[in-house]
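Spelled out from the first residue to the last, the chains are:
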Amino acid sequence: MVFKTGEDRLVSLRVSVPREDLDATQVKAVMDLIVAKDVVFSAAGNLVAVDSAYIVETATTEL
């Protein structure tokens, strides 16, 4: 999850093991709640807006 700060910087929050049944609407709602409740402290400033969200998938191949 990527948020914008009041100082026009980006802050990322990562969830190492997200639920598999997440959809964009659920993620956006949680991100909006994080911004509204001001529950995350960042050295880059207060979170003021949602920027983006994505899931990173990696694969490991044993050699």
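Because the structure is a prediction, the values reported are computed rather than measured.

Asks: Which residues make up the overall build of the protein, and what values go with them?
Replies: Scanning the protein from terminus to terminus reveals one helix and three strands. Element order for the protein, N to C, with α for helix and β for strand: β-β-α-β. Across the 63 residues in the protein, those meeting the buried criterion constitute 21%. For the protein, the share of sequence-separated contacts (at least 6 apart) that also reach a separation of at least 24 residues comes to 58%. Of the charged side chains in the protein, 6 are positive and 10 negative, and the gap between their average positions amounts to 7 Å.

Asks: Give me the environment of Gln26: which residues, what numbers.
Replies: Within the secondary structure, Gln26 is located in helix H1 (residues 24-37). Setting aside residues no more than four positions away along its own chain, Gln26 makes contact with Arg19 and Asp21.

Cut-off values and rules
- Residues numbered from 1 in each chain as written.
- Predicted model: local features only at pLDDT ≥ 70, side-chain atom pairs only at ≥ 80, totals over all residues.
- Heavy atoms only, no water.
- Helix = DSSP H or I, 4+ residues; strand = E, 2+ residues; numbered from the N terminus.
- Buried < 20%, exposed > 50% of the residue type's maximum accessible area, 1.4 Å probe, protein only.
- Contact = heavy atoms within 4.5 Å.
- Lys, Arg positive; Asp, Glu negative; His and termini not counted.
- Charge placed at Lys NZ, Arg CZ, Asp CG, Glu CD.

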